[in-house]
Amino acid sequence: MMAKAKHWIEPHPQGIYVRPADIWIDPSVPKKQAVVTHGHADHARGGHGEVWATPETLAIMGLRYGTEAGTPIDYGKGFERGGVRFSLHSAGHVLGSAQVLMEYDGERVVVTGDFKRRPDPTCAPFEPVPCDIFITEATFGLPVFKHPPIAGEIAKIFARLEAEPDHCLLVGAYALGKAQRVIAELRRAGWDRPIYLHGAMVRMCELYEELGVSLGELRLVMDTRKEDMRGQIIICPPSALIDKWSRRLPNPITAMASGWMRVRGRARQRGVEIPLVISDHADWDELTGTIRELAPRETWITHGSEDGLLRWCELHQIKARALAMIGREDGDDG
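Rules used in this analysis
- Residues numbered from 1 in each chain as written.
- Predicted model: local features only at pLDDT ≥ 70, side-chain atom pairs only at ≥ 80, totals over all residues.
- Heavy atoms only, no water.
- Helix = DSSP H or I, 4+ residues; strand = E, 2+ residues; numbered from the N terminus.
- Buried < 20%, exposed > 50% of the residue type's maximum accessible area, 1.4 Å probe, protein only.
- Contact = heavy atoms within 4.5 Å.
- Core = buried A, V, L, I, M, F, W, Y, C linked by side-chain atoms within 4.5 Å.
- Pairing = 2+ DSSP bridges.
- Axes fitted to C-alpha atoms, helices over the stretch in contact; angles between N-to-C directions.
- Parallel < 35°, antiparallel > 145°, perpendicular 65-115°, else oblique.
- Nonpolar A, V, L, I, M, F, W, Y, C, P; charged D, E, K, R; others polar.

### Side note on the environment of Val109
1) Next: If you trace the backbone, Val109 turns up in strand E10 (residues 107–111).
2) Next: When its relative accessible area of 0% is taken as the criterion, Val109 is described as buried.
3) Next: Along the chain, Val109 and Glu273 lie 164 residues apart, while their C-alpha atoms are 43 Å from each other.
4) Next: Setting aside chain neighbours within four positions, we find Val109 in contact with Ala5, Trp8, Ile9, Val100, Leu101, Met102, Ile133 and Ile135.

Written as structure tokens, this is what we have:
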């Protein structure tokens, strides 16, 4: 049976348009009305008219774009426009990230935004939402991408510092989501000493604290003597790993936290000594397992390794299509 959604949901290069409601989901250009799944810049843009998102996503957009204007929607809650019922459900990607469930004309459609299935102390876990059409990301939609347990990746940091206590360990991590998750996982693994921050990381970490995510004692690198950072852990933007800023640190050992660190060439390209395969996206097993779990009538693939996931669906007799989207990055927030 052909999905009716094809007549009321229109995938465009700049976003997904919900025709009866005249609302866009994660548009990459300013729109009159938009539902935003989470705060990363390839999904949340400034300049929209009316915006619906979780309270946390609106706060993040406020920090990044200077305004928190919008209608906050808690998980499990929603609104109706043009006969379409919208509700938001946790995506497990970063703080405030949401899937969008749309119900119209007897059909249920879920847009995942970005999502992951692994536990994360900084955000609510992914909620499987039954649906007829599952519109999923595929950032790591190839069988080679199977993320290891995070405890083992965090242990690499401790082992290196124990072996070289006169050095410091510099971790490159995306400022929204990845940095806070790394800090929280370090705390969970028993690191109770101060963690040092590049100045670009401070405000987002403060916002996480304001929104109820405890990160422990954080200190600014610029306020600390070089000698006092020996044996310490420092979090910085990935671009700072090879920036002249890092030269003020005592014998820094470079690490980077990203799902893309599975690709050895990317680690070498950045000069990373310790690749930390820590991802905020679903890996291959989680993508395919989620499709199997939900068993939707159709799967639509929005961005990433579309061809790989599409081929898997075809081999498993799952009706699927790849959508031509733009403005979805495969950068450091992997």
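### Here we look at the nonpolar core
1) Next: Among the nonpolar cores identified, the biggest contains 35 residues, and Ile157, Val171 and Ile235 are the most heavily contacted of them.
2) Next: Looking at this core, the element that brings in the most residues is helix H4 (residues 202–210), giving five residues.
3) Next: Those residues in contact with Ile235, other than ones at most four positions away along the chain, are Val171, Ala173, Ala179, Val182, Ile183, Ile195, Tyr196, Leu197, His198 and Met201.
4) Next: Ranked by size, the runner-up nonpolar core spans 24 residues in total, among them Trp52, Ala98, Val109 and Ile135.

### Here's the deal with the pairing of strand E7 (residues 78–81)
1) Next: In this structure, E7 lies alongside strand E8 (residues 84–90), joined through four bridges in antiparallel fashion. Residue Phe79 lies in a different strand from E8, and its bridge partner there is Phe86.
2) Next: With antiparallel pairing between neighbouring strands as the criterion, E7 and E8 make up a hairpin whose turn holds two residues, including Gly82 at a positive phi of roughly 60°.

### Some thoughts on the packing of helix H2 (residues 150–163) against helix H3 (residues 178–188)
1) Next: Direction vectors running N to C along H2 and H3 enclose 80°, while the axes themselves pass 10 Å from each other. The angle between H2 and H3 falls in the class roughly perpendicular. Note on element contacts: H3 touches H2 through Arg181, Val182, Glu185 and Leu186, opposite Ile150, Ile154, Ile157 and Phe158.
2) Next: Looking at the contact of H2 with H3 residue by residue, the class counts come to six nonpolar, no polar and two charged.

### Brief notes about the sheet that holds strand E1 (residues 9–12)
1) Next: Here six strands make up an open sheet; going across it, the order is E1-E2-E3-E4-E5-E6 and the pairing mixed. Looking along the sheet, the strands with just one partner apiece sit at the ends: E1 and strand E6 (71–72).
2) Next: Running at roughly 130° to strand E5 (residues 50–53), helix H1 (residues 55–65) makes contact with E5 and E6 of the sheet.

### So, the sheet that holds strand E14 (residues 218–220)
1) Next: The strand order across the open sheet formed by six strands is E14-E13-E15-E12-E16-E17, and the pairing between neighbours is parallel. Bordering the open sheet on either side are E14 and strand E17 (274–276), each of which pairs with just one other strand. Here the average twist between neighbouring strands, direction ignored, is 30°.
2) Next: Judged from the three bridges that link them, strand E16 (residues 252–257) and E17 form a sheet pairing that is parallel. Within E17, the position partnered with Ala255 by the bridge is Ile274.

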